[in-house]
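# Coordinate inspection notes
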Amino acid sequence: MGDFPLDLLWELFGNSILAALLAGLVVPIVGAYLLARGTGFYGVTLPQLAAAGIAFGFAILAWWQENMTWLVDAIEHGDEAHLALPYHILWASVFCLGGLILMARTSKSGKGEAGHVAATFAIASALTILFAHMSPMGEVFVHGLLRGEILAIDGHELEILVIALGAVAVLLALFRRSLTLVSFDPELAKVQGMRLGSWEYFHLVIVGGTVSVCVMTIGPTVLFGLLVLPPLAARSLAGSMTGYFLLSSLAGLISSAGGIWVSFEYDLPLGPCLVLVAALLLPVAAIAKRAKRKLA
Amino acid sequence: MRDKRSLLSVRGAAFGFGTTRILQGIDLEICGGQALGILGPNGAGKTTLLRGLLGLRKPMVGAVERHTKSVAYVPQQDRLSPEWPLSTFELVCMGSARSRFGVRWHTRSVREAAERKLDLVGLLHKRAESFADLSGGQRQRALIARALMCGPDLLLLDEPTSGVDRPSQAKIMGILGELGTASDSAPAILLVAHQLDLIAGWAKEILWVADGRVDRRCVDTSDSTEKLEGLFGGASHG
C-alpha cells in the first residue's frame, strides 16, 4: 500500500472502503439482536439464502428476459446496471424473507429450531452452487461474492447501501426498546398490549432487508462475519443494552477498518481479512472481560 | 386503600393445552387490595391459571374479564434469557408501558420512577449492574420493581420465591407485605407459591389448585403452618 498514491487508491476503492465501514457500523447491531435472541446461526444461514436467491436470479435471467418483456424494454431504454441491482436484490429478498418466515414458523412449532436452521443452511449452500452452475455469468458473479471481493462497488451500489443501512439504523434506534422487550420478554409485551406478531414481522423485515441488500454489495462472507463476530465480542463486555449496541457497532467498525488495512497492506481479498480481524476481537474481548472482573 | 371494585372476573372458565383441559369450572372475582396465594401440587396447573388470568392463555370455554388495564406480572426469573446484557435499570424501565407509535422513550419521569422502584426493592445501588449478574433473589426483586413501574391495580407473580435462598425469600415477602399495606395504592396481588409456610402470614385467601379445580379458601394468618398444611393437604411440597 505504501507505493500506492493515496488519492488514486481512494479513487479506485473509495466506494468499497466506505461500504465496508458503513456495513461495519450498522450490520453488527442487526446481528446483536439475532445473537441475543438465540438465533445467531441465522447470521450464517440468511446470507447463504440470499446468495442462493441471487444465483437463482442469474439462472432464470434468460427466461425472465424472454417472458418479462416489460423489464427487457426497461433495461433497453434505461441504465442496465441500475436495473440489474434491484433485480438481484429482489431475488435475494424473496429467498431471504421466505427462509426467515419458514424458520420462524418452524421454531414456533417447537420442532428443534437449530436443526431446521442448519438444514436450511445446507440446502441454501447446495442451491447456490446448482443455480450458479446454470448460468456461466452467475457462476463468476456468485464465486466473487462468496470470496468476499467487495472492491468493485460502484457509486449506485453504495447509494443503495447508504439508503438501506441508514433506514435500518434509524429504525433500530427508534424501536430498539420495543424490539428488545418483545424479544426478551414476549409475555410482558403481550400483557402491555403490544402486538407480538406485528413486531416479529417488523424484525424479520429489518433482518431480511439488511441481508438482501448487503449480500449483493458486500457479499455473504463479510455479512456472516459482521452479523456474528462483533456482537459476540461486544456481549462479553457490555453491561447494558445501550452498551451492547454501541460496542457491537464499534467492534464492527474496527473490524472493517482493520480488514481494509490488512487487505491493502498484504494484497489480500478484503472480505476474508475483515472477518478474520473481527474474529481477533473475540480473544481481545475475553481478556478485557477478565481484566474488568479483576478490577471490579 | 384502593377501592374494592372488581378488577378481574372469571366465569365458568376452563384452561388447557390443545383439547386437553387442565383446569375447569373456574369462577373467580378479584377485587382491589386483595392478597391471594395460589397453591397446589406440582403440575396441577397453577401457572396455567396465572397465565389464563393474565390473558396469555385464552380460556377454552367461559370468559375472563379484566376491568383494569393496569395489570403487571412477575415471571419466573429463569424464564428470561441471560443472553441479553440488560442493565438492571434498563430492565426496570421496561415495565413502563408508555410509548408513542411504538417508540418507547425513557423520559425523565420514567427514569425517576425506575429509580424509586429500585430503591423500594433495595437495589438502587445495583442499577448499573447487568441483570444477568444479579443473584437469584436480587433478580426477582428487580422483576418486582419492573412490575411496579405501571402502578398496577393487579399484580400477578409466578413463584417469586422459587430458587431463592431463605433471607431473599423473606425480603421478597416483606416487599409484597409492604405493598399490601400501602394506604392509597395497594394493588390486588396474586402469587403462585410452592411453599405454604412462606405465604401463610401474608395471604388472606388461598386459591387451591388440584384435580382440575380451583377452590378459594380463607386462611387465618394466625394459624400455625401445621394446621394450614392439614387444611391444604400438605401443600408445602406443592
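Sequence order as written defines the numbering, with residues in each chain counted from 1. Naming scheme: in the order in which they are written, chains are lettered from A and ligands are numbered from 1. Local features in this predicted model are restricted to residues of pLDDT 70 or higher, and side-chain atom pairs are both shown and tallied only at a pLDDT of 80 or more, whereas totals for entire chains, interfaces and linings draw on every residue. The side-chain figures draw on all heavy atoms in the structure; neither hydrogens nor water molecules are used.

### What to know about the overall build of chain A
Think of it this way: any DSSP run of H or I at least four residues long counts as a helix, any run of E at least two long counts as a strand, and we number them from the N terminus. Across its full length, chain A carries 13 helices and zero strands. Along chain A, from the amino end to the carboxyl end, the secondary structure elements read α-α-α-α-α-α-α-α-α-α-α-α-α. For chain A, contacts bridging at least 24 residues in sequence account for 79% of all contacts bridging at least 6. Every accessible area reported is derived by Shrake-Rupley at a probe size of 1.4 Å, with residue values counting cover from the shown protein chains alone. Carbon and sulfur atoms provide 70% of the accessible area of chain A, an area that totals close to 13,600 Å². For this analysis, residues touch if any pair of their heavy atoms sits within 4.5 Å.

### With respect to helix α8 (residues 155-184) of chain A
Along α8 of chain A, the largest kink reaches about 70° and is centred on F175 of chain A. Nitrogen and oxygen atoms within 3.5 Å of one another constitute a polar contact, given that in protein one can donate a hydrogen and the other can accept it, and given that sequence-neighbouring residues count only through two side-chain atoms. Backbone nitrogen of H156 of chain A and a side-chain oxygen of the N-cap are separated by 3.0 Å at the start of α8 of chain A; the cap is D154 of chain A. At any given residue, the bend is defined as the angle formed between two axes, one fitted to the seven residues that end at that position and one fitted to the seven that begin there.

### What about the packing of helix α2 (residues 42-59) of chain A against helix α11 (residues 220-237) of chain A?
Residues and elements named next belong to chain A. Here, axes are lines fitted to C-alpha atoms. For helices the fit covers the stretch in contact, and angles between N-to-C directions go from 0 to 180 degrees. Where α2 meets α11, the axes come as close as 8 Å, and the angle between the chain directions of the two elements is 155°. Judged by the angle between their axes, α2 and α11 are roughly antiparallel. Helix-helix and strand crossings are classified by hand; for α2 and α11 the assignment is right-handed. Note on element contacts: α11 touches α2 through P220, L223, F224, L227 and V228, opposite G43, V44, P47, Q48 and A51. Per-class residue counts for the contact of α2 with α11 are eight nonpolar, two polar and no charged. Note on angle classes: values under 35 degrees are labelled roughly parallel, values over 145 roughly antiparallel, values of 65 to 115 roughly perpendicular, and the remainder oblique. By convention, the crossing between two helices is left-handed when the near helix turns anticlockwise from the far helix through less than a right angle, and right-handed when the turn is clockwise. Note on residue categories: nonpolar means Ala, Val, Leu, Ile, Met, Phe, Trp, Tyr, Cys or Pro, charged means Asp, Glu, Lys or Arg, and polar means any other residue, Gly included.

### Digging into the packing of aromatic side chains
Put simply, two rings from Phe, Tyr or Trp (the six-membered ring, in Trp's case) pair if the centres are within 6.5 Å, and we call them stacked under 30 degrees between planes, edge-to-face over 60, tilted for the rest. Inspection of the entire model under this criterion finds 18 aromatic pairs over all chains. Judged by centre distance (5.1 Å) and plane angle (35°), the ring pair of Y33 of chain A and F245 of chain A falls under tilted. Here the residue Y33 of chain A occupies a position in helix α1 (residues 6-36), and F245 of chain A occupies one in helix α12 (residues 241-266), the gap between them amounting to 212 residues. With respect to class, Y33 of chain A is no different from F245 of chain A; both count as buried. Connected via pairs of aromatic rings, a cluster forms that spans F56, W63, W64, Y87, W91, F95 and F131 of chain A. Should the NZ of a Lys or the CZ of an Arg lie within 6 Å of a ring centre and within 35 degrees of the ring normal, that charge is described as sitting over the ring. When the ring centre of F89 of chain B is taken as reference, the NZ or CZ atom of R127 of chain B above it lies at 4.2 Å. In this scheme, a residue with accessible area under 20% of its type's maximum is buried, one over 50% is exposed, and one in between is partly exposed, where area comes from a 1.4 Å probe on protein chains only.

### Structural notes on the interface of chain A and chain B
Each partner contributes residues to the interface: chain A has 26 residues there, and chain B has 32 residues. The largest share of the area that chain A buries against chain B comes from R177, F184 and E187 of chain A, three residues that together contribute 31% of it. The term salt bridge refers to a side-chain nitrogen of Lys or Arg lying within 4 Å of a carboxyl oxygen of Asp or Glu. In this assembly, chain A and chain B are joined by four salt bridges. Here E187 of chain A ties to R79 of chain B by a salt bridge, and the two come within 2.7 Å at their closest N and O atoms. Counting across the interface, chain A meets chain B through 17 residue pairs in polar contact (both at pLDDT 80 or more). Only α1, α8, α9 (186-191) and α12 of chain A provide two or more residues apiece to the side of chain A that touches chain B. Looking at the side of chain A that touches chain B, the element that brings in the most residues is α8 of chain A, giving eight residues. Considering only residue class, the side of chain A that touches chain B consists of 13 nonpolar, seven polar and six charged. Accessible surface is computed with a 1.4 Å probe, and the buried area is the amount of it that two parts give up when combined, taken over both parts together.

### Notes on the nonpolar core
Counting residues in each nonpolar core, the largest one holds 146 residues, and the members touching the most others are I218 of chain A together with L49, L155 and L176 of chain B. If one sorts the elements of this core by residue count, α1 of chain A sits on top with 15 residues. If sequence neighbours within four positions are ignored, L49 of chain B has contacts with F15, L23, I26, I38, L207, V209 and V214 of chain B. Among buried residues, those of type Ala, Val, Leu, Ile, Met, Phe, Trp, Tyr and Cys that are joined through side-chain atoms within 4.5 Å constitute a nonpolar core. Among the nonpolar cores identified, the runner-up in size contains 11 residues, and A55, F95, F131 and V142 of chain A belong to it.

### Digging into unusual backbone geometry
A positive phi angle, near 55°, is found at D267 of chain A, a position not held by glycine. On the secondary structure map, D267 of chain A appears in the loop between α12 and α13 (270-295). One non-glycine residue, F101 of chain B, adopts positive backbone phi at about 50°. With respect to the helices and strands, the residue F101 of chain B is situated in the loop between α2 (88-93) and α3 (108-120). Residue classification places F101 of chain B among the exposed positions, given a relative accessible area of 75%.

### Focus on the side chain of T161 of chain B
Residue and element names in this part refer to chain B. With respect to the helices and strands, the residue T161 is situated in the loop between β6 (154-158) and α5 (166-181). Given a relative accessible area of 2%, T161 falls into the buried group. Setting aside residues no more than four positions away along its own chain, T161 makes contact with Q169, I172, M173, H194 and L198.

### Let's talk about the confidence of the model for chain A
Counting all residues, the mean pLDDT for chain A is 86, and 90% of those residues have values of 70 or more. Ranking the elements of chain A by mean pLDDT puts helix α4 (residues 69-77) of chain A last with 58 and α12 of chain A first with 94. What pLDDT expresses is the predictor's confidence in each residue, scored from 0 to 100.

### A word on the sheet that holds strand β1 (residues 6-17) of chain B
Residues and elements named next belong to chain B. One bridge is not enough; two strands pair if DSSP finds at least two bridges between them. Across the sheet, three strands lie side by side as β2-β1-β4; this open sheet has antiparallel pairing. Two strands in the sheet have a free side with no partner beyond their single neighbour: β2 (20-31) and β4 (61-66). Neighbour-to-neighbour, the strand axes of this sheet turn through a mean angle of 20°, independent of strand direction. In the packing of helix α1 (residues 46-54) onto the sheet, contacts are made with β1, β2 and β4, and the angle to β1 comes to roughly 130°.

### Remarks on the packing of α11 of chain A against α12 of chain A
Residues and elements named next belong to chain A. Two numbers describe how α11 lies on α12: the axes approach to 8 Å, and their chain directions differ by 130°. Considering the angle they form, α11 stands oblique to α12. Crossing of α11 over α12 shows right-handed handedness. Every residue of α12 that contacts α11 at L226, P230, P231, A234, R235 and L237 is listed here: Y244, L247, S248, A251, G252, S255 and S256. Broken down by class, the residue content of the contact of α11 with α12 amounts to eight nonpolar, four polar and one charged.

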